[in-house]
Amino acid sequence: KAKRLKVGDKVAIVSLSSGVLGEPFAKHQVELAKKRLEMLGLVPVFMPNALKGLKVLEENPQARAQDLKDAFADDSIKGIFCAIGGIDTYRLSPYLLEDAEFLENVLRKPKLFTGFSDTTNNHFLFYKLGKVSYYGPNILNDIAELDTEMIPYTRQTIQYYFDNPETITIESSPIWYEERTDFSSNSIGVPRISHEETRGYEVLQGSGVVEGRLLGGCIESSFDMITGDRFPDQKDVVKKYDLFPTLKEWKGKILFLETSEECPDKKQMLKYLKVLKEEGILDAVSAILVGKPQNEIHYEEIKEAYLESTDTPI
């Protein structure tokens, strides 16, 4: 497990999937993220390939992997923040897991690592190597929030990276926010449309109180890792490097799942959950923690899909 972050620490910014951080239309968000990290007392270090844009990084997964390897090799860097998610992070696996120096650095010099969505692939890779990672804020979606400050719930999460407690009680945010439709510089300082969270945590099945170790991520990414449904070679890569946790590793864990911006409907969710059920995962875990969709109709469909798929506490 990585040591906690401290004021003055250098943190690396890496683009492990999408190269959107390096596009001209995201320049204002790069500057905003840099400012926010500095306000936290951190020193942002944009790795050499992080800002090379969509085309270059799509065509060069080895360049994305090199940034992560260099971040672990640099003793002055204490934390690593992902730029954003994406869809093909699995392509980095050979360049990482066949590099003996990288494997040694991960174990000898563990660093705080945070990101979400298709970064699930990286989290499972670190889990395989025995390193704790944090399914949490990334640069574009969270640190570079266009309002005058970060969302308070995000700010609290980042505070955990400085406190680094042994355990935390996950609280429900009192506010939920609609996603923006305009991410241009015109939206700088414009607050998101927000609403009071009237439900809080909801117990769909079970007692409502669970304790345990968390393991999980994006359900679409997990589905793709198992089936290779999106990229034909992904299933083979995952199998070759044993990237997906074994049933034994899922045993007794709290499975946490969230959906991407693709917003799957009930039919699609049932398809995803069926695969997890067939793999034995839904029955092996002690409980399931589900991220709520914002849309009311989508919420009801997702809820029905889970209740039809498992008897495990939710």
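These numbers come from a predicted model, not from an experiment.

1. Concerning the pattern of salt bridges
With the rule as written, the count across this model stands at 20 salt bridges. Across the pair Asp-99 and Lys-69 runs a salt bridge, and its minimum N-O distance is 3.1 Å. Pair noted here: Asp-99 is in the loop between α4 (93–97) and α5 (100–108) and Lys-69 is in helix α3 (residues 61–73), with a separation of 30 residues, a long-range link. With its nearest N and O atoms 3.8 Å apart, the salt bridge here joins Lys-292 to Glu-197. Of this pair, Lys-292 sits in the loop between β10 (287–290) and α14 (296–309) while Glu-197 sits in the loop between β7 (194–196) and β8 (214–218), and the two are 95 residues apart along the sequence. A relative accessible area of 36% means that Lys-292 is categorised as partly exposed. Taken together, the salt bridges that share partners define one network made up of Glu-145, Glu-179, Arg-180 and Arg-192.

2. Description of unusual backbone geometry
At Asn-164, a residue that is not glycine, the phi angle is positive and equals roughly 50°. Mapped onto the fold, Asn-164 is located in the loop between α8 (152–163) and β6 (175–177). With a phi close to 50°, Asp-242 is a non-glycine residue in the positive phi region. Along the chain, Asp-242 turns up in the loop between α10 (234–240) and α11 (247–250).

3. Here's the deal with the pairing of β8
Burial analysis of β8 places four of its five residues in the buried class, which makes it a mostly covered element. As defined by bridge partners, β8 adjoins strand β9 (residues 254–258) across five bridges and the pair is classed as parallel. Counted as the bridge partner of Gly-217 is Leu-257 from β9.

4. Re the packing of α5 against helix α6 (residues 120–129)
Each pair of packed helices can be described by the angle between their axes along with the distance between the axes. At a minimum axis separation of 10 Å, α5 and α6 run at an interaxial angle of 80°. In terms of their interaxial angle, α5 and α6 are classed as roughly perpendicular. Mapping the contact onto sequence places Phe-102, Leu-103, Val-106 and Leu-107 in α5 and Leu-125, Phe-126 and Leu-129 in α6. The residue makeup of the contact of α5 with α6, split by class, is seven nonpolar, no polar and no charged.

5. Concerning the side chain of Glu-197
There is a polar contact of 3.2 Å between the side chain of Glu-197 and the backbone nitrogen of Gly-200. Every residue in contact with Glu-197, bar those within four places of it in the chain, is listed here: Ser-172, Ser-173, Pro-174, Ile-175, Trp-176 and Lys-292.

6. Here's the deal with the packing of aromatic side chains
Throughout the structure, instances matching the rule amount to 12 aromatic pairs. Residues Phe-72 and Phe-102 carry aromatic rings whose centres are separated by 5.6 Å and whose planes lie at 90° to one another, so their mutual orientation is edge-to-face. Here Phe-72, found in helix α3, pairs with Phe-102, found in helix α5; they are 30 residues apart in sequence, far enough to count as distant. By relative accessible area, which is 1% here, Phe-102 ends up buried. What links up through ring pairs into an aromatic cluster is the set Phe-72, Phe-102, Phe-113 and Phe-126. The cationic tip of Lys-131 hangs over the ring face of Phe-126; the distance from NZ or CZ to the ring centre is 5.2 Å. Here the basic side chain of Arg-199 rests over the ring of Tyr-299, its NZ or CZ set 4.1 Å away from the ring centre.

7. Quick look at the nonpolar core
Core analysis: the largest hydrophobic core is formed by 49 residues, its most contacted members being Leu-68, Phe-102, Trp-250 and Tyr-306. Those residues in contact with Phe-102, other than ones at most four positions away along the chain, are Leu-68, Lys-69, Phe-72, Leu-96, Leu-125, Phe-126 and Leu-129. Among the nonpolar cores identified, the runner-up in size contains 22 residues, and Leu-5, Phe-81, Leu-112 and Ile-158 belong to it.

8. Describing the environment of Glu-197
The spatial distance from the C-alpha of Glu-197 to the C-alpha of Leu-276 is 30 Å, given a sequence separation of 79 residues. Side-chain polar atoms of Glu-197 contact the backbone nitrogen of Arg-199, separated by 2.8 Å.

9. Looking at the side chain of Asn-164
A polar contact is formed between the side chain of Asn-164 and the side chain of Lys-1, at a distance of 3.3 Å. A distance of 3.0 Å separates a polar atom in the side chain of Asn-164 from the backbone oxygen of Ala-2. For Asn-164, the contacting residues outside a window of four places in its chain are Lys-1, Ala-2, Lys-3, Arg-4 and Tyr-134.

Quick notes on the rules
Residues numbered from 1 in each chain as written. Predicted model: local features only at pLDDT ≥ 70, side-chain atom pairs only at ≥ 80, totals over all residues. Heavy atoms only, no water. Salt bridge = Lys/Arg side-chain N within 4 Å of Asp/Glu carboxyl O. Helix = DSSP H or I, 4+ residues; strand = E, 2+ residues; numbered from the N terminus. Buried < 20%, exposed > 50% of the residue type's maximum accessible area, 1.4 Å probe, protein only. Pairing = 2+ DSSP bridges. Axes fitted to C-alpha atoms, helices over the stretch in contact; angles between N-to-C directions. Parallel < 35°, antiparallel > 145°, perpendicular 65-115°, else oblique. Contact = heavy atoms within 4.5 Å. Nonpolar A, V, L, I, M, F, W, Y, C, P; charged D, E, K, R; others polar. Polar contact = N/O pair within 3.5 Å; in protein donor to acceptor, adjacent residues only side chain to side chain. Phe/Tyr/Trp six-rings, centres within 6.5 Å; stacked < 30°, edge-to-face > 60°. Lys NZ or Arg CZ within 6 Å of the ring centre and 35° of its normal. Core = buried A, V, L, I, M, F, W, Y, C linked by side-chain atoms within 4.5 Å.

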